[in-house]
Amino acid sequence: PHAGPVDSKNEAAMSELVPEPRQKPVVPMKPMGINTSLLGYIGIDTIIEQMRKKTMKTGFDFNIMVVGQSGLGKSTLVNTLFKSQVSRKSSGWNREEKIPKTVEIKAIGHVIEEGGVKMKLTVIDTPGFGDQINNENCWEPIEKYINEQYEKFLKEEVNIARKKRIPDTRVHCCLYFISPTGHSLRPLDLEFMKHLSKVVNIIPVIAKADTMTLEEKTEFKQRVRKELEVNGIEFYPQKEFDEDLEDKTENDKIRQESMPFAVVGSDKEYQVNGKRVLGRKTPWGIIEVENLNHCEFALLRDFVIR
C-alpha cells in the first residue's frame with residue numbers, strides 16, 4: 001500500500017542525480033558547392049618568397065667536422081670542397097709541431113658568400129685522433145664536444161628571454177676519413193662510428209683514392225658497406241629520412257652505390273685542354289679532382305652542399 005509514494009520519492013531523487021542530456025551544438029551545414037573562383041586571390045603563393053627573404057637576411061650556419069688519422073688529407077679535402085683555404089693551412093708537417101697527446105678540437109669559422117647567399121661555415125678539426133699507439137676511447141672528447149653543442153643550443157632555446165637568433169654550433173655533419181688500405185676497416189674506425197653514428201650524421205669517405213686501381217676501389221667500397229651493415233652502423237642518409245617512396249629510392253641509391261665516397265683532394269691547379277682544373281700531377285698524367293671519371297669528389301660535394 002505504501003509503494004506508490006516511496007517510488008515517486010525515489011524517482012524524484014534519481015532525476016536529481018541524473019543530469020539532463022545536453023543538447024548537441026548545432027553543426028553548421030556544409031556550404032553546398034561554393035564556386036572556388038569566388039574566393040579570388042589570397043596570396044599564399046608568396047610564402048616561399050617571404051621565407052626566402054627571411055633566410056637570405058639571416059644567412060645559414062653549416063658546421064662540418066672532419067675526423068681521421070693524420071696524413072689522410074682532411075684539411076686539403078675541406079679546402080677543395082669550398083674552393084678556399086678554410087681549413088688549417090695544409091703546409092705539411094712542421095718539425096716544431098708535436099703530435100697532440102690527446103685529441104684536440106679546433107673550430108675555425110668563415111663566412112662564404114655566393115650569389116648573394118651567405119653561409120657561416122665552421123670547420124671542426126680533430127688533430128690527434130687515431131695517431132697514438134694506444135687509441136682507446138679517443139672518440140670520447142669528440143662525443144663530448146658534439147653533445148655539449150646540442151645542450152648549449154637547447155639551453156638557449158628553452159630560455160624565457162631567448163635571443164632572436166640562436167647561434168647554431170651543433171655539428172651538422174661529420175666526414176669520417178677511411179684509410180685506403182684495400183682491406184677492411186680498422187677496429188678504431190668501427191668503434192668511432194658505432195659510438196657516434198647515434199649522435200651525428202656520419203659520411204664515410206675513402207681518402208687518397210688515387211692510391212687504388214678501379215677494381216680495388218670498387219671492391220673496397222663494397223667491403224666497407226658490408227662491414228658497416230654487419231656492425232649495425234647507420235650513416236647519412238639514415239632510414240628515418242625516407243619520408244616517401246621517392247626519397248627512399250634516392251637514398252637507397254646513395255647508400256648502396258655511392259657510399260663511401262672515394263675521393264681525392266687537391267688545392268693545386270693545372271692546365272688541362274686549355275682549362276684550369278684542380279688536380280694532382282703524377283708521372284702518368286693529371287688526376288682531375290672534379291672529373292667523375294677520375295674521382296667521386298663532385299658527388300661528395302653535391303651530397304654535402306647541394
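Keep in mind it's a predicted model, so treat the numbers as computed, not measured. (Residues numbered from 1 in each chain as written. Predicted model: local features only at pLDDT ≥ 70, side-chain atom pairs only at ≥ 80, totals over all residues. Heavy atoms only, no water.)

## Quick word on the packing of aromatic side chains
By convention here, two paired aromatic rings are described through the distance between centres and the angle between planes. Overall, the coordinates contain five aromatic pairs when judged by the stated rule. Ring geometry for Phe-129 versus Phe-192: centroids 5.2 Å apart, planes at 75°, classification edge-to-face. Placement of the pair is Phe-129 in the loop between strand E3 (117-125) and helix H4 (140-158) and Phe-192 in helix H5 (residues 187-196), with a sequence separation of 63 residues. Side by side, Phe-129 and Phe-192 carry an identical accessibility label, which is buried. The interplanar angle of 50° and the centroid separation of 5.5 Å between the aromatic rings of Tyr-236 and Phe-303 together place this pair among those described as tilted. Here the residue Tyr-236 occupies a position in the loop between helix H6 (214-230) and helix H7 (245-258), and Phe-303 occupies one in helix H8 (residues 297-305), the gap between them amounting to 67 residues. Through a chain of ring-to-ring contacts, the aromatic side chains of Phe-129, Tyr-176 and Phe-192 assemble into a single cluster. Over the ring of Phe-153 we find Arg-170, and its NZ or CZ is 3.7 Å from the ring centre. (Phe/Tyr/Trp six-rings, centres within 6.5 Å; stacked < 30°, edge-to-face > 60°. Helix = DSSP H or I, 4+ residues; strand = E, 2+ residues; numbered from the N terminus. Buried < 20%, exposed > 50% of the residue type's maximum accessible area, 1.4 Å probe, protein only. Lys NZ or Arg CZ within 6 Å of the ring centre and 35° of its normal.)

## A short note on the pairing of strand E7 (residues 269-272)
Here E7 runs beside strand E8 (residues 275-282); their pairing, made up of four bridges, is antiparallel. When the sheet's bridge partners are listed, Val-272 is paired in E8 with Lys-275. Hairpin geometry of E7 and E8 is characterised by an intervening segment of two residues between the two adjacent antiparallel strands and by a positive phi of about 50° at Asn-273. (Pairing = 2+ DSSP bridges.)

## So, a nonpolar patch on the surface
On the surface, Ile-42, Ile-44, Ile-47 and Met-51 cluster together to form a nonpolar patch covering roughly 450 Å² of accessible area. When you line up the elements, Met-51 lands in helix H2 (residues 47-58). (Patch = residues over 30% accessible without salt bridge, like charges linked within 9 Å, V, L, I, M, F, W, Y side chains within 5 Å. Areas by Shrake-Rupley, 256 points an atom, 1.4 Å probe, with all protein chains shown as cover. Salt bridge = Lys/Arg side-chain N within 4 Å of Asp/Glu carboxyl O.)

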